[in-house]
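Summary of structural features
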Amino acid sequence: SRFSELFWKVNPITGFISFVIWLIFALVSLRPFRTRLYKVFYCLHMIAIWTTVPLIGIHSRPRTHFINIVNLVLMIYMVFSKIYYYAVINKRLEFLNIERHINSQLIVLTLPKSYYRGKQLRFNPGSHVRINHRFINPLSWISPSHPYTIASLDTDQEIKLIIKETKFKIHSLGRYSISSPFNNETGTIHGYDNITIICGGS
């Protein structure tokens, strides 16, 4: 039929594919699904972002070159910022020290500061480091990175991370991308007589 001929042309089908992706993402974004399927939600979000620019660029009539260029620049900036915040890229964890404790899912992972060559690390208590797959792995671009609380001071010679083991496994001699510390902006804890620490889960 005439509809089938028009539908299967490149321009309409790219718009339809983009529409389906965003429709599925909208459904997964509903709170009951988002809280239970966060990784799926995040993955679909990233897939929708990466595919929308080329698909809509092909689909749009009349051509919207200026908007496409702006979207392309934003995507390039997103790639740049992702790489920029990861100070240690594609590092093999050769000096990995893991402390395990009985009846606990938490482990203490120790990273030497030598991983951050040329960087003077300064961070407040309660800051965290993010670890993800190396950038040549497609999963690093569509899956969320994993934040780990720093359990050491910036004056220490090594960085200890508190980690809860999940499906994302950190293996000795594995290659990962490791971010610079994301600083806790609440400031220093010095000068207080009483400190209350509340530990909660996500």
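Our structure is the block above this text.
Only a predicted model underlies this, so the values are computations on that prediction, with no experimental measurement involved.

**Description of the overall build of the protein**
The number of helices and strands found in the protein is 6 helices and 7 strands. Going from N to C terminus, the protein has its helices and strands arranged as α-α-α-α-α-β-β-β-β-α-β-β-β. Split into buried and exposed, the 202 residues of the protein put 31% on the buried side. Sequence-distant contacts, at least 24 apart, represent 67% of the contacts inside the protein between residues at least 6 apart. Accessible surface computed for the protein: about 14000 Å², of which carbon and sulfur atoms make up 63%.

**Focus: a nonpolar patch on the surface**
Taken together, the side chains of Phe 16, Ile 17, Phe 19, Val 20, Leu 23, Ile 24, Leu 27, Leu 30, Phe 33, Leu 37 and Val 40 make up a nonpolar region of the molecular surface, amounting to roughly 950 Å² of accessible area. With 7 residues, helix α2 (residues 10-28) is the single largest residue contributor to the nonpolar patch. Structurally, Val 20 can be placed in helix α2. Owing to a relative accessible area of 30%, Val 20 belongs among the partly exposed residues under this scheme.

**Regarding the environment of Ile 98**
Note on placement: Ile 98 falls in strand β2 (residues 97-100). Look at Ile 98 and you get partly exposed, because its relative accessible area is 30%. Linking Ile 98 and Leu 109, residues 11 residues apart in sequence, is a C-alpha distance of 4.7 Å. The residues touching Ile 98, leaving out its near neighbours within four places in the chain, are Ile 107 and Val 108.

**Brief notes about the packing of aromatic side chains**
Per the stated rule, a full pass over the model turns up 6 aromatic pairs. Between Tyr 38 and Tyr 42, the aromatic rings sit 6.2 Å apart at their centres with planes inclined by 45°, giving tilted as the arrangement. Taken together, the positions of Tyr 38 and Tyr 42, both in helix α4 (residues 38-59) and 4 residues apart, correspond to about one turn of that helix. For Tyr 38, a relative accessible area of 42% translates into the label partly exposed.

**Description of the pairing of strand β3 (residues 106-112)**
Along β3, 6 of the 7 residues are buried, which leaves the element largely enclosed by surrounding structure. Both β3 and strand β6 (residues 158-164) contribute to a ladder of 7 bridges, which runs antiparallel. What sits directly across from Pro 112, in β6, is Glu 158.

**Structural notes on helix α5 (residues 65-84)**
Quick reminder: α-helices carry 3.6 residues per turn. Residues three or four places apart thus point the same way. Its 20 residues place the ends of α5 28 Å apart at the C-alpha level, agreeing with the 28 Å of an ideal helix rising 1.5 Å per residue. Those residues of α5 that sit buried are Asn 68, Met 75, Ser 81 and Lys 82. Summarising the axial view, the buried residues of α5 lie within an arc of 150°, below the 170-degree limit, and thus occupy one face. Facing away from the buried side of α5 by more than 90 degrees, the exposed set consists of His 65, Phe 66, Ile 69, Ile 76, Tyr 77, Phe 80 and Tyr 84. Tucked inside the fold, the buried residues of α5 contact α4, β4 (128-133) and α6 (139-142).

**Notes on the nonpolar core**
Among the nonpolar cores identified, the biggest contains 18 residues, and Ile 131, Leu 161 and Ile 170 are the most heavily contacted of them. Listing elements by their share of this core, those giving two or more residues are β3, β4, β5 (146-150), β6 and β7 (175-178). Residues in contact with Leu 161, not counting those within four places in the same chain, are Ile 107, Val 108, Leu 109, Leu 111, Val 129, Ile 131, Tyr 148, Thr 149 and Ile 150.

Conventions adopted
- Residues numbered from 1 in each chain as written.
- Predicted model: local features only at pLDDT ≥ 70, side-chain atom pairs only at ≥ 80, totals over all residues.
- Heavy atoms only, no water.
- Helix = DSSP H or I, 4+ residues; strand = E, 2+ residues; numbered from the N terminus.
- Buried < 20%, exposed > 50% of the residue type's maximum accessible area, 1.4 Å probe, protein only.
- Contact = heavy atoms within 4.5 Å.
- Areas by Shrake-Rupley, 256 points an atom, 1.4 Å probe, with all protein chains shown as cover.
- Patch = residues over 30% accessible without salt bridge, like charges linked within 9 Å, V, L, I, M, F, W, Y side chains within 5 Å.
- Salt bridge = Lys/Arg side-chain N within 4 Å of Asp/Glu carboxyl O.
- Phe/Tyr/Trp six-rings, centres within 6.5 Å; stacked < 30°, edge-to-face > 60°.
- Pairing = 2+ DSSP bridges.
- Expected span 1.5 Å × (residues − 1).
- Arc of directions from axis to C-beta.
- Core = buried A, V, L, I, M, F, W, Y, C linked by side-chain atoms within 4.5 Å.

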